[in-house]
Amino acid sequence: IIDRAKMSSRNRDDNRRDRDRERNHRDRDNRDRDRERERDRRDDRNESRNQTQSHSRSDHHQSVEEGYGAIFKGLQNNTSVDFCLEANFTSSKYSNLILVRNDVLQVYRSNPLLSSSSSGSVPSDNANKPVLLLFLETKLFGAIESIGKVLLPGHQRDSLVLSFKDAKASVIDYDPFTHSTKVNTLHYFEDSNLKNKSNPDSLGNGLRIDPQGRLGVMLVYGTHFAVIPFGGKKRSGPEDSKMGSYLLDLAVELPQIRNVRDYVFLNGYSEPTLLILYEPMLTWAGRVSAKKDTMCITTVSLTRGTRQHPIIWSADNLPYDCWSVKGMSDPLGGVLVFGTNHLLYFNQSSRFVMGFNEFATVDSVGADMVTSELIMTLDYCVSTFLAPNKLLVSLKGGELHLFNFIVDPRNVRDIKITKMGASVLSSAMCTFENQYFFLGSRMTDSNLVLYSKRVEAIKNNESELEVSNGNQETEKKDETPMEMDEDDMEMFASAGSSNKSKLGSEEGNYSFKVVDTIQCIGTMTDIVVGESADEASVSNAEQSTKTYELVTCTGNGKNGAVTIVQSSIRPNIAATFSIPRCHSAWTIPRAPFNEDPTHSHLVLTSKSGDVGNTRVIKIASGQLDEENQENKFYTKGPTLNMAAVTFFVNEEEDDSFDSVVQIYSKGERQIAIRMLDGVNNQKIGEDFEIEGKNVIRTYIEGKYIAILSDNNALVIYQIKLGSISPPKFSFEVMDLPSTLFHDDVQRGIVAISLYSDHSSFFSSEELNLNASMILTEEKEVKGNETNLNESMDMDDMDDEDRLLFGTPAPSTKKQPVIAPLAPTPQQSNMEKKKSQAQILLVVVTEDFKMEVFSLTDMKSVFLFLEIDRLPVVLAYLGAQQAAKSARERRDQPNFFVKSEELDVTIREILFTNIDESGNPYLLIIMSNGDLIVYRGLKGSDDIFDTRRRFIKIEHDFITRLPLEREKKRRTLVNTGYRYSDIRHFQNVGERRGVFISGERPIWITAQRSFPRFHEMSLDGRVSFFTPLNNSEFLSSGFVYYCVKEQSIKLGQLSSQFQLENNWLWRRVPLKVTPHTLTYHSATKSFALVTSVKIRRVVEEDYRKEEYLEIPSSVPAYDELFTMQLMCDWASVDQFEFEPTEHVLCVKVCHLKCNDDRTQGLKQYVVAGTGFMQGEEVACKGRIVIAEIIPIENQYQAPDSTEQLKPKLKIVHAKEQKGAISSITSVGGNLLVAIGPKIMLFSFSNGVDLVGLAFYDAQIYLVSVTAIKNFILCADVYRSIFFLRWKEDEKQLVCLAKQNSYIPTVGAEFLFFNRNLYFLTGDIDTNLSLFSYAPQGGET
């Protein structure tokens, strides 16, 4: 036996050696063949490198070894709404609307100034103000998969629970002190072993929260449930609070549950109870005849502490099209199961089914089906409860339906469905503050809708039993009917229409009104770059270079549109005139002065050292005329500053006087102040002269003038009005605060400003900071926020109101009191006098201590040390805290980066109001050009204190100059007077904000009380800006000086563009679905491909109106494609494709043409199509080539008055063997991708396509693009490959390819300096950057 075993082993060894020898021979042969192929490829690559003058082989080798990195920056945040939620996130007393926009979390709250009446109407004075104010915006480091809310034990505010891709979740809270979000807990369940065994058809990381806040559940990889305990309102025992999160393996604990479709927590159970919708046996639409009732639901109790999961009840054999579940509130409880054709209700003891079309058949549910008279499908619908028994549903087409559940104490007896109208295509839906519901959309703008209960009579003979809680809710919402305007009629045209159900006829019992809109660009299907055609760009292009913009196809169906996106503000220029070396300008209002004045004069000044002049231009009758200024404005020297001020005689009298204050330079170290009458601009008295000071800054605010000289000395003058008739003014030097002196010597001051505190931000009584901080720490430890709030005298306004609308005046009634921002023309002199704000002095010393003083009593109201560190929060420090902080930080390193060659200091500082809240914004311009912006915040919801602080606002604008240019600019600036670069405007294009002049001019506006930054880079450097409002000449406009052109421009903001986001855009509505577009530069027009749904008919001629009518049938639709020629965003011509023909691509191609009219390359619009005629017919395609005939080539009769437009002319349309997926032009030839094959055609005769070459790819080509004779192709499964067209050999040669299996959806060339890169995007939303590496063996 041993010998036989040895012999057998020896034979096996011999056989193994023979096999290895044969394998080695095969490998050697393969290596030889590979060497030959590599030698051929190397020869081709060497030839291509020589022809294109590419880098040498050593440069390529070095680039491959060292490698390159790429920097990615998102320029415009996602604007589509994925999820919406109502939560008490920032306050325990006010609700917030939480919006999720991919990786951006936005927190809104309602505008307290818009106090709704009992009928829900908005006061007419505030009709144009937004209802929703953006309170907080946070950008996260990943796309949010789902969101929920939970009230943690010991907390007064809700926490948000977010889930992310790859089994991650986080719980975040609001930090009132820093006005930001903070992470409470992180949960990480990612596991490579579980990921490899994941179900590809799983639901995703959907997060569900128990209604009582005890548990959260998230589906992980489709096979496990991640259970996250929160504690909740009711705890089962002390061990519950110590229970950590864990994974529930469905295959082990609940083996019958597979292929989870949805899950939800149910109400009314003592333990968290999860209902799971799943499909144990998969099916699909083609197998319905054999197996159709495949869905099941199972209710599982998640017992805390013991981690046991008993099954309570279940239901089998549900229709296969069930896709979502939604829990109903107490006392009815139970769950709603949404199917495409059904709506099912289940609880532990009963069930109810309603069908909506001919496909609704229920055989084994165990309940009789009730058929609805309204035909619809519920797939992709979103819903929310307006009341416990009233469900509002938005269908996938935007139709709104109200489902009224007729119930008894234990079951649903019937559902009355009322069609309420049509709305946007919604992706999310929720209620807000018990009077609004929000419709979030990915396709278009989202809407906030006000709903109110209609008063209607209920018939006595119709018994309708409803839930008691629902009746109480209904009685609370009984209001007068709402009137709808034209926009609402268009949106909710059929609101109130009803259908007759078995229980009788009933009108819709709610009325809807759109009260606010959240802007959204929409889902982009294509994007191109085209020359700008708006008024602003055209007016600027006439004087400078051409401007371009991004044009995108957005939306679907009725929300389809073309959206034009611009990166900067482009004003509409009304007038331009050249004035060399103009330094600043002011507009003088016409008396009486008010919040929105009418300007009558434009004052311009130029200055060179101490020499200069002033020009005064009168604005009258729509013209600008230079006016004689005898005994009026001073014009023989440069003007330093100017302002319009209303003065009062004294505190007892009510008379006021409008005057203009002019500060001008009379020569070296000599300035003067002139007072002028605000009515006729006549000089009042003698000018007040100031000598011996080389002034570098001046500020005018109210009756105070602050002057800063070059030796960093500060002087403040108070203007006093002695009498009105005749007017007499006097000037008094004010004593400076003692803190600005050291040993009787004034400290050096680097920056000053004056500020009018209309919102009483700095005037409230202060509490001890240390005590507040101690109380805060105790609350965080003990969670005793409720007792603390009950023990303090709280007003109704919390930190959000103080941030957004200032601090109310002390009142015995607990109601928010909002101080007016400025006196209105209707106010009497007494009211104007009472509304005068407190004037504050802002000082920054040489040791970077910022202090704010009240000029009334020279008391310090705000102090912060070492402002040059630019911290995230500037918090108020009292005297003791300031001294202690100075001692502690004396030896700490300065983290503020300073240049060794150029010392960095503060150049300009300003407090101003940007939004309607009245709370100040702090703007700081550093000497190197950096812009720093802080937002004022006062108080918190945790402790009722008056701690004032400023929160730093992050922005992406780089305003810093290069070092050499900064040195030159600083040398020029330091030699004389410094005009302010920050200008506040009250009404420019019906907006308020701040304009910052400089190399990169910036607008800062806050339409929803949230600042947005927009640059104005079209004209380059702007030296000054001032608002201009004159109805006869330029309404709500502005004036600025373009240094590059040495000209003054008068312009307006375009009303077509929105400023609520990072970039500007405007929408051109189409009411059809746009698919793709291309730009034709010769005619400055766009070829746009759109489609419209048409009803499917019996005959093959789709234009006949003979429809297949079946009772209860769901209408079937086909798409009819059209190519429209858009000129100035109006359709001037179109071409309609065949029915069932889908346009897959369109592009402007430069093709060779040898006809009599054109020699060389000619622009054609080429479209590739595919015929979709079902599975039984082979898919074919067509190439359609169109020529756009310019206006100059068209014939027109001499006496014709018709305005010529470009026209479309079809020159070629021929069917191909497959669908055309992508097209481009290479060397004047047409390159076409047909499935896995690349075809190259010649169109030189202008009639037919002649084949030149072809190349067989791998699976399916989705994109081809070319530059010169190089071609980049993207395969849907095999990534990218790089080709070259050899015209002499009539051959397509593969230079390189990416061997990884990446599902690529697009590829483009990317240029950087002299390098060429390949940018690809895959189906997992990843961007990859490749370079051509001929030395890499793997390619």
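Enquirer: Report on the overall build of the protein, specifying residues and quantitative values.
Expert: When you go through the protein residue by residue, the secondary structure sums to 14 helices and 83 strands. In the protein, buried positions account for 53% of the 1339 residues. If you sum the accessible surface of the protein, you get close to 62,100 Å²; carbon and sulfur atoms cover 48% of it.

Enquirer: So what's going on with the sheet that holds strand E61 (residues 1022-1030)? Which residues, and what values?
Expert: Here 4 strands make up an open sheet; going across it, the order is E33-E63-E62-E61 and the pairing antiparallel. Edge positions in the sheet fall to strand E33 (572-578) and E61, since each of these pairs with one other strand and no more. Going from strand to strand, the sheet's axes swing by 20° on average, the running direction of each strand aside. Direction of pairing for strand E62 (residues 1034-1042) relative to strand E63 (residues 1047-1052): antiparallel, over a ladder of 5 bridges. Across the sheet, Phe1038 pairs through a bridge with Gly1051, a residue of E63.

Enquirer: Give a description of the nonpolar core that names residues and reports values.
Expert: Among the nonpolar cores identified, the biggest contains 35 residues, and Leu714, Ile716 and Ile1004 are the most heavily contacted of them. Once residues lying within four places of it in the same chain are set aside, the contact partners of Ile1004 are Ile914, Leu923, Leu931, Val933, Phe985, Arg992, Gly993, Val994, Ile996, Pro1011, Arg1012 and Phe1013. Formed by 34 residues, the second largest nonpolar core is a distinct cluster that contains Phe633, Phe657, Tyr717 and Ile719.

Enquirer: So, the sheet that holds strand E34 (residues 584-589): which residues are in play, and what are the values?
Expert: Two orientations exist for strands paired in a sheet by backbone hydrogen bonds: parallel and antiparallel. If you trace the 4 strands from one edge of the open sheet to the other, you get E34-E35-E36-E37, paired in antiparallel fashion. At either end of the open sheet lies a strand with only one pairing partner, and these are E34 and strand E37 (623-626). Adjacent strand axes in the sheet meet at a mean angle of 25°, parallel and antiparallel pairs treated alike. Pairing between strand E35 (residues 599-608) and strand E36 (residues 611-620): 8 bridges, direction antiparallel. Bridged to His601 within E36 is Lys618.

Enquirer: Break down the packing of aromatic side chains for me, with residues and values.
Expert: Evaluated as defined, the whole model comprises 44 aromatic pairs. Plain terms: the ring middles of Phe862 and Phe950 are 5.4 Å apart, the flat faces sit at 90° to each other, and that makes the pair edge-to-face. Of this pair, Phe862 sits in strand E51 (residues 859-864) while Phe950 sits in strand E56 (residues 948-953), and the two are 88 residues apart along the sequence. The exposure class assigned to Phe862 is buried, which follows from its relative accessible area of 0%.

Enquirer: For the environment of Lys419, give the residues involved together with the corresponding values.
Expert: With respect to the secondary-structure elements, Lys419 resides in strand E25 (residues 412-422). You can call Lys419 partly exposed: its relative accessible area is 33%. Expressed as a C-alpha distance, the spacing of Lys419 and Glu399, which sit 20 residues apart in the sequence, is 7.7 Å.

Enquirer: Any chance you could break down the pairing of strand E49 (residues 838-845) for me, citing the residues and the numbers?
Expert: With 7 of 8 residues buried, E49 lies mostly within the body of the structure. In this structure, strand E48 (residues 749-757) lies alongside E49, joined through 8 bridges in antiparallel fashion. Considered in E49, the bridge of Ser756 is made with Ile839. Examined bridge by bridge, E49 and strand E50 (residues 850-854) share 5 bridges and lie antiparallel to one another. Its bridge partner being in E50, Leu841 is matched across the sheet by Phe853. In this antiparallel pair of consecutive strands, E49 and E50, the connection spans 4 residues, and Phe848 shows a positive phi of 60°.

Enquirer: Describe the environment of Gln662, and please don't skip the residues or the numbers.
Expert: Positionally, Gln662 belongs in strand E39 (residues 656-667). Here Gln662 falls in the buried class, since its relative accessible area comes to 0%. Sequence-distant contacts of Gln662, that is, excluding residues within four places in its chain, are made with Thr614, Phe633, Tyr634, Thr639, Asn641, Met642, Ala672, Ile673, Arg674 and Leu676. Within the structure, the side chain of Gln662 is placed 3.0 Å from the backbone nitrogen of Tyr634, a separation counted as a polar contact.

Enquirer: Could you give an account of the side chain of Ser1279, naming the residues involved and the relevant values?
Expert: Assignment of secondary structure puts Ser1279 in strand E79 (residues 1279-1286). Among residues more than four places away in sequence, those in contact with Ser1279 are Cys1273, Ala1274, Gln1298, Ser1300, Ile1302 and Thr1304.

Enquirer: Residue-level account of the pattern of salt bridges, with values.
Expert: On inspection of all chains with the given rule, the structure shows 32 salt bridges. Each of Asp516, Arg1008 and Glu1060 takes part in one network of salt bridges that share partners.

Enquirer: With reference to specific residues and values, describe the environment of Ala1257.
Expert: Mapped onto the fold, Ala1257 is located in the loop between strand E76 (1250-1256) and strand E77 (1261-1267). Residues Ala1257 and Ala1274 lie 17 residues apart in sequence; the distance between their C-alpha atoms is 9.7 Å.

Enquirer: An account of unusual backbone geometry is needed here, citing residue identities and associated values.
Expert: Here the residue pair Ala591 and Pro592 is connected by a cis peptide bond, since its omega of 0° sits within 30 degrees of zero. Tracing the sequence through the fold places Pro592 in the loop between E34 and E35. Cis geometry is found at the peptide bond from Ser725 to Pro726, where omega equals -10°. Relative to the helices and strands, Pro726 resides in the loop between strand E44 (714-724) and strand E45 (727-733). With phi around 65°, Tyr380 is a residue other than glycine that occupies positive phi space. Unusually for a residue other than glycine, Asn681 sits at a positive phi of about 60°. Of note, Asn681 is situated in the loop between strand E40 (670-677) and strand E41 (683-691).

What counts, and at which threshold
Residues numbered from 1 in each chain as written. Predicted model: local features only at pLDDT ≥ 70, side-chain atom pairs only at ≥ 80, totals over all residues. Heavy atoms only, no water. Helix = DSSP H or I, 4+ residues; strand = E, 2+ residues; numbered from the N terminus. Buried < 20%, exposed > 50% of the residue type's maximum accessible area, 1.4 Å probe, protein only. Areas by Shrake-Rupley, 256 points an atom, 1.4 Å probe, with all protein chains shown as cover. Pairing = 2+ DSSP bridges. Axes fitted to C-alpha atoms, helices over the stretch in contact; angles between N-to-C directions. Core = buried A, V, L, I, M, F, W, Y, C linked by side-chain atoms within 4.5 Å. Contact = heavy atoms within 4.5 Å. Phe/Tyr/Trp six-rings, centres within 6.5 Å; stacked < 30°, edge-to-face > 60°. Polar contact = N/O pair within 3.5 Å; in protein donor to acceptor, adjacent residues only side chain to side chain. Salt bridge = Lys/Arg side-chain N within 4 Å of Asp/Glu carboxyl O.

Shape is all these values report; function is a separate question.
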